[in-house]
Amino acid sequence: MDHNNILAVVLAGGKSKRFGRDKSQVKLGDKMLIDYILTEIVDLYKDILIVANDPIKFLDSNKISLISDIKKGLGPLGGVFSAMKWAKENRKDYKWISTFPIDTPFFKKEHLSKFYKEINSDESNLYFMKSKNTRHNIFGLWSLELYEKLEVALNK
């Protein structure tokens, strides 16, 4: 899988209700939770998009852009759709977006390499990472061909 065809998207627009405050901004050790995932992926992609509904701090890189959800309250799918819309409106030539959660400080890019190697992009328009037979829905690879279907589903 060619990383040049993939826009990395960090989904940080959650309400963090159970956590009590914006978990992306919580420090674990010497850095914020969001920076753990950014540190792992920043060298792999041309662009990284963070979808968050409030201003947040994050790793400083000219590869990283911050946007808000187009419509709040749609959960992670709203973040996926917002990223797809951003890619289309900014005439980016990505075929896929790869989504990442902000609360996975132990994720390593080696997991991503294994995930991408197992994908045959002609078989489906959507893939999720799995470990120990558990699917991780926020770690996904989404074809931009899903844009119209997602738009219709979210506007019902």
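Attention in this report is confined to the structure presented alongside it. What you are looking at is a predicted structure, and each value in this text was computed from that prediction instead of being measured.

Conventions we followed
Residues numbered from 1 in each chain as written. Predicted model: local features only at pLDDT ≥ 70, side-chain atom pairs only at ≥ 80, totals over all residues. Heavy atoms only, no water. Helix = DSSP H or I, 4+ residues; strand = E, 2+ residues; numbered from the N terminus. Polar contact = N/O pair within 3.5 Å; in protein donor to acceptor, adjacent residues only side chain to side chain. Contact = heavy atoms within 4.5 Å. Phe/Tyr/Trp six-rings, centres within 6.5 Å; stacked < 30°, edge-to-face > 60°. Buried < 20%, exposed > 50% of the residue type's maximum accessible area, 1.4 Å probe, protein only. Lys NZ or Arg CZ within 6 Å of the ring centre and 35° of its normal.

**Some details on the side chain of Ser-82**
Next up, step 1: Relative to the helices and strands, Ser-82 resides in helix H2 (residues 75-89).
Next up, step 2: From its side chain, Ser-82 meets the backbone nitrogen of Ile-70 in a polar contact 2.8 Å long.
Next up, step 3: If we skip the residues at most four places from it in the chain, Ser-82 touches Val-51, Ile-67, Ser-68, Asp-69 and Ile-70.

**A closer look at the packing of aromatic side chains**
Next up, step 1: Per the counting criterion, the structure on display carries eight aromatic pairs.
Next up, step 2: Between Phe-81 and Tyr-147 the ring centres are 5.1 Å apart and the planes differ by 20 degrees, which places this aromatic pair in the stacked class. With Phe-81 in helix H2 and Tyr-147 in helix H4 (residues 147-154), this pair connects stretches of sequence that are 66 residues apart. Exposure class is identical for Phe-81 and Tyr-147. Each is buried.
Next up, step 3: With 4.9 Å between their ring centres and 25 degrees between their planes, Phe-107 and Phe-139 make a pair best called stacked. With Phe-107 in the loop between strand S6 (96-101) and helix H3 (109-117) and Phe-139 in strand S8 (residues 134-143), this residue pair connects regions lying 32 residues apart in the sequence. Take Phe-107 and Phe-139: they sit in the same class, and that class is buried.
Next up, step 4: In textbook terms, an aromatic cluster arises when at least three aromatic residues are bridged by ring pairs, as seen for Tyr-45, Phe-100, Phe-107 and Phe-139.
Next up, step 5: Above the face of the Tyr-36 ring, Lys-31 is positioned so that its terminal group lies 4.7 Å from the ring centre.
Next up, step 6: For the cation-ring pair, Lys-88 lies above Tyr-147, with the distance from its terminal atom to the ring centre recorded as 5.3 Å.

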